[in-house]
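# Report on the structure
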Amino acid sequence: MMTDSIREFYKSKNVLVTGGTGFMGKVLIEKLLFSIPDIGNIYVLMRPKKGKSVNQRYEDMQRLPLFDRVRNTKPAALKKIVPLTGDVLFDDFGLSERDMQTISEDVSIVFHFAATLKLEAPLNENVNMNTCGTQRALNVAKKLKKLRVFIHLSTAFCYPDYAVLEEKMHAPPVKPSDIMHLLEWLDEKKVAILTPSLLGPHPNCYTFSKRLAENIVENEYENLPTVVVRPSIVCPSIKEPVPGWVDSLNGPVGLMLGAGKGVIRSMLCDGSLVAQVIPVDTCINALIAIGMIEGKKEDKAELMPVYNVNIGHQKPTTWGEVLKIGKDYGRKYPLAWPLWYPNGDITTNYVLHEFKRLFYHLLPAYCIDFILFLLRQKRFMVRVQDRISQGLQVLQYFTMRPWTFPCPNFDSLQSKLDKEEQVIFNTDLTTADRDAYLQQCIEGGRIFCLKEDPSKIHINRAYHNFLFVLDCLVKILFWLLLSSFFAAYFTPVRDVLSYGEPVVKYLPFVGRVVCDKE
């Protein structure tokens, strides 16, 4: 069977990346620079943010640990990154005439990654960025004279009404153009009122807007070489550029770190369900390979190519197994200064979850904020727990139901590459060490997100042991206090406890109630 060369295809070709400063975008840029030395320029759409200019953000990005191996071994490759001042929220990305002319003459491949990942964001924000932004990107693509392929990054979770999502398109519940026009003349309050009826089966505005975006891309397939790629939950890297690389607390990593810090103690999640995830570097390898495979085609297929990118079937791992591995590792190598002893759990019982949320999330948060109030310090814990509750409410939809993503197109990628590139752009994780990978995820979160020093684990462990003892004492006192209330108002309870009077009389709260009532 004839195989194709990724490096030969990308040789001297120029690439445009939207969303290049995001988690996946940065990994894509680093991989292209490191593994395809003869690639042309990589134009990266950037906007000023948080008081920093585009050039400042570009310089900051290059200094990230993510780019260490490029900076150390191929420093000249970094000059191929060309930042463009622009934003997908504007027509033609708001580019200058000069920049627009440059990319229209140079660019052959477009990776459209730009999107808002705020699942709880309102409909206006999601549609403007994810749906309208995709339409604007397609409009720019039409002006690219050398365009070989337009790769749209979607999500495997944008069709919640399908028990099995195959690698094909499905009609959206409404026309994207109707939604975009509706949002043009309705104010935010009216949109908020209409949102529940517009979303239909969708749990949030994010999946709804991404589904509309897919339809827009499909409608342009007649005019452009488009392809849709649907990754499952994207997690830290398994190997490149460094094991465990992550710079975002979105998804499972945020939950694991939140649990490790003792602020997330309960979550609605079915531990028997397979976690549909994929490491970011595996996903990027697939996207690069898909760009080559689809970009080399001279004859268009009748239907637009769709790829479900997921490894849940290659290395099936349940959410319960993820929790156990994470807990075991977290106890051996705890995070620094957790708020409380990290011993959270998952459940499918809504009432039990709400009980735990009340006593383990909200009550401690109010107590801490009350203490801070007395000390005249800034209160923050209730606000943090409110954000956690909102985040969990959104994520729990995805962890309480099974998802099935057949991936024949994705699974076939390896067979289309030669032996060397099967290693360089690997997408097969059937032999990967699952436990080691999950441990890398925690370490990556510790180092890259929380900025903790791994050499101080012994200090963390000592504090962790102290919290364990404190947690046990507080739980014992809590149940004794609760028992004392029952003993005070329910005679049968008091009578039962009285049989153990020689011991009970020494117990805090309970002893006094039982003995005084005798």
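First, a word on scope: everything that follows refers to the structure included in this document. (Residues numbered from 1 in each chain as written. Predicted model: local features only at pLDDT ≥ 70, side-chain atom pairs only at ≥ 80, totals over all residues. Heavy atoms only, no water.)

Attention now moves to the side chain of Gln396. Tracing the chain through its elements places Gln396 in helix H14 (residues 381-399). Judged by relative accessible area, which is 10%, Gln396 ranks as buried. Within the structure, Gln396 has its side chain in polar contact with the backbone nitrogen of Leu268 (distance 3.2 Å). With residues near it in sequence (within four places) discarded, Gln396 still touches Met267, Leu268 and His353. (Helix = DSSP H or I, 4+ residues; strand = E, 2+ residues; numbered from the N terminus. Buried < 20%, exposed > 50% of the residue type's maximum accessible area, 1.4 Å probe, protein only. Polar contact = N/O pair within 3.5 Å; in protein donor to acceptor, adjacent residues only side chain to side chain. Contact = heavy atoms within 4.5 Å.)

Turning our eyes to something else, we now look at the sheet that holds strand S1 (residues 14-18). The strand order across the open sheet built from 7 strands is S3-S2-S1-S4-S5-S6-S10, with neighbouring strands paired in parallel fashion. Strands with a single pairing partner mark the edges of an open sheet, and in this sheet they are strand S3 (81-85) and strand S10 (306-309). Each neighbouring strand pair of the sheet contributes to a mean axis angle of 20°, computed without reference to strand direction. Strand direction decides the pairing type here: strand S2 (residues 42-46) and S3, joined by 5 bridges, are parallel. Bridged to Leu45 within S3 is Leu84. The strands that helix H2 (residues 23-35) touches are S1, S2, S3, strand S4 (107-112) and strand S5 (149-153); relative to S2, the one it contacts most, it runs at about 165°. Contacts from helix H3 (residues 54-62) reach S2 and S3, with the element oriented near 150° to S3. (Pairing = 2+ DSSP bridges. Axes fitted to C-alpha atoms, helices over the stretch in contact; angles between N-to-C directions.)

Our next topic: empty space enclosed by the protein. Here the structure, examined in full by the defined rule, presents 3 cavities of 30 Å³ or more. Size it by volume and the largest cavity reaches roughly 260 Å³. Lining the largest cavity are 21 residues, and of these Val277, Thr317, Arg434, Tyr437 and Leu438 lie nearest its centre. Here the lining of the largest cavity is composed, by residue class, of 16 nonpolar, 2 polar and 3 charged. Each pocket or cavity is described by its volume, and for the second largest cavity that value is around 40 Å³. As for the second largest cavity, its lining consists of Phe157, Ile233, Leu273, Val274, Ala275, Gln276, Trp319, Phe398, Arg401 and Trp403. Of the residues assigned to the lining of the second largest cavity, the class counts are 8 nonpolar, 1 polar and 1 charged. (1 Å grid on protein atoms, 1.4 Å probe; cavity = no way out; pocket = protein on both sides within 12 Å on 5 of 7 lines; lining within 4 Å. Points joined across faces, edges and corners; volume = space filled by probe spheres on them. Nonpolar A, V, L, I, M, F, W, Y, C, P; charged D, E, K, R; others polar.)

Let us now look at the environment of Leu165. Inspection of the secondary structure assignment puts Leu165 in the loop between S5 and helix H7 (176-185). Take Leu165: its relative accessible area is 1%, and that puts it in the buried class. Taking the C-alpha atoms as reference points, Leu165 and Asn308, 143 residues apart in sequence, are found 8.5 Å from one another. Sequence-distant contacts of Leu165, that is, excluding residues within four places in its chain, are made with Ala156, Tyr159, His170, Arg230, Asn308, Thr404, Phe405 and Pro406.

Before going further, it helps to spend a moment on the state of the cysteines. In protein structure, a disulfide is the covalent linkage between the sulfur atoms of two cysteines. Within the structure shown, the criterion is met by 0 disulfides. This cysteine, Cys269, is not joined by any disulfide, and Cys235 carries the nearest cysteine sulfur, 13 Å off. For Cys269, a relative accessible area of 5% puts it in the buried group. With no disulfide partner, Cys441 has as its closest neighbouring cysteine sulfur the one in Cys235, 5.9 Å distant. The class of Cys441 is buried, set by a relative accessible area of 4%. (Disulfide = S-S within 2.5 Å.)

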